[in-house]
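# Fold and contact review
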Amino acid sequence: MPLQRKINLFIVSVLVCCEAARVKKFPPYIQKCHQNDTDFEKCLLKAVQTIKPHLENGIPELRLPKMNPLFLPEVGIDAGAGFIAKFENVEIYDADKFVIKKFDVNLDQNKIKFDLSFPHIRIKAQYSIFGRVLFFNLDGSGPADGNITDCRVIATMNGQRYYQQDKQYLRFISTKIDDIDFGKPEFTFYDLFKNNPELTDQTNRILNSNMPELLSDLRPTLELTVGKTVTEFIGRVFARFSIEELFPK
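It should be emphasised that the depicted structure is a prediction, and the values quoted were computed from it without experimental measurement.

Here is what the cut-offs are and how they apply
- Residues numbered from 1 in each chain as written.
- Predicted model: local features only at pLDDT ≥ 70, side-chain atom pairs only at ≥ 80, totals over all residues.
- Heavy atoms only, no water.
- Axes fitted to C-alpha atoms, helices over the stretch in contact; angles between N-to-C directions.
- Helix = DSSP H or I, 4+ residues; strand = E, 2+ residues; numbered from the N terminus.
- Parallel < 35°, antiparallel > 145°, perpendicular 65-115°, else oblique.
- Contact = heavy atoms within 4.5 Å.
- Salt bridge = Lys/Arg side-chain N within 4 Å of Asp/Glu carboxyl O.
- Buried < 20%, exposed > 50% of the residue type's maximum accessible area, 1.4 Å probe, protein only.
- Disulfide = S-S within 2.5 Å.

On to the packing of helix α3 (residues 197-209) against helix α4 (residues 211-240). Where α3 meets α4, the closest approach of the two axes is 5 Å, and the angle between their N-to-C directions is 70 degrees. By the angle class used here, α3 and α4 are roughly perpendicular. Packed against α3, whose contacting residues are L207, N208 and S209, the element α4 presents M211, P212, E213 and L214 at the interface.

Following the criterion strictly, the structure yields 11 salt bridges and no others. For K86, the salt bridge identified is with E88, shortest N-O distance 3.9 Å. Across the pair D179 and R219 runs a salt bridge whose closest N-O atoms are separated by 3.4 Å. Residue D179 is located in strand β6 (residues 167-181), and its partner R219 is located in helix α4; the two are separated by 40 residues in the primary sequence. When its relative accessible area of 39% is taken as the criterion, D179 is described as partly exposed.

Further remarks concern the state of the cysteines. As enumerated under the stated definition, the model contains one disulfide in all. Each sulfur of the disulfide joining C33 and C43 lies 2.1 Å from the other. For the disulfide bridge between C33 and C43, the dihedral angle about the S-S bond is near -95 degrees, and by the sign convention the bridge is left-handed. Pair noted here: C33 is in the loop between α1 (3-21) and α2 (40-55) and C43 is in helix α2, with a separation of 10 residues, a long-range link. C33 gets classed as buried once you look at its relative accessible area, which sits at 3%. Judged by its relative accessible area of 16%, C43 falls in the buried class.

Listed below in structure tokens is the structure:
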């Protein structure tokens, strides 16, 4: 066989292998919901319940990362008036144990509406805080550890359609938090005052006793952060599969 022909066959083989590697597969345990199903929303809820046990370790087929813990490189909070907080290497535990009350995909309006509650979430991170909180002027950094029980999020994701290789996809451009209940939060910020552990303990007690008011003040910024995280997380699935692949007619 001529050398050039061997080279051509090799190139074709490589291209075929690469194309095979890009083949999109749906997890075998998920039953697809058809757009014309009379119980479309009921089917969606069932599909999400089926997915839940697999979220802990991630679902590569859907481009969903490991969710216990869910890792966020950085979360920033800028509440204005000179208050800035940054959380790095954020680990969120037990977010995969959510309870879903509503998951409605409206393809006509390019929207998703959902209602989720989280019985318990643990958050670990490295924090840095600068600014005035209550009557404290804080300028500290260190490890943070928090627990939130009975948290609930109701939101609407807004998307727009686009074409890629003659297939129609749905890109989510924003997530509006319709309601959020932070439940019962409790956080410990270590080393707030590095040379005064007693003042650090006292400050943590006061912060936690006033946590509902603090979260209320930070609500707009926290809603933006939650919305951005949700948009990216669910958006991964819709970026991977076309509308027709996700929801056949």
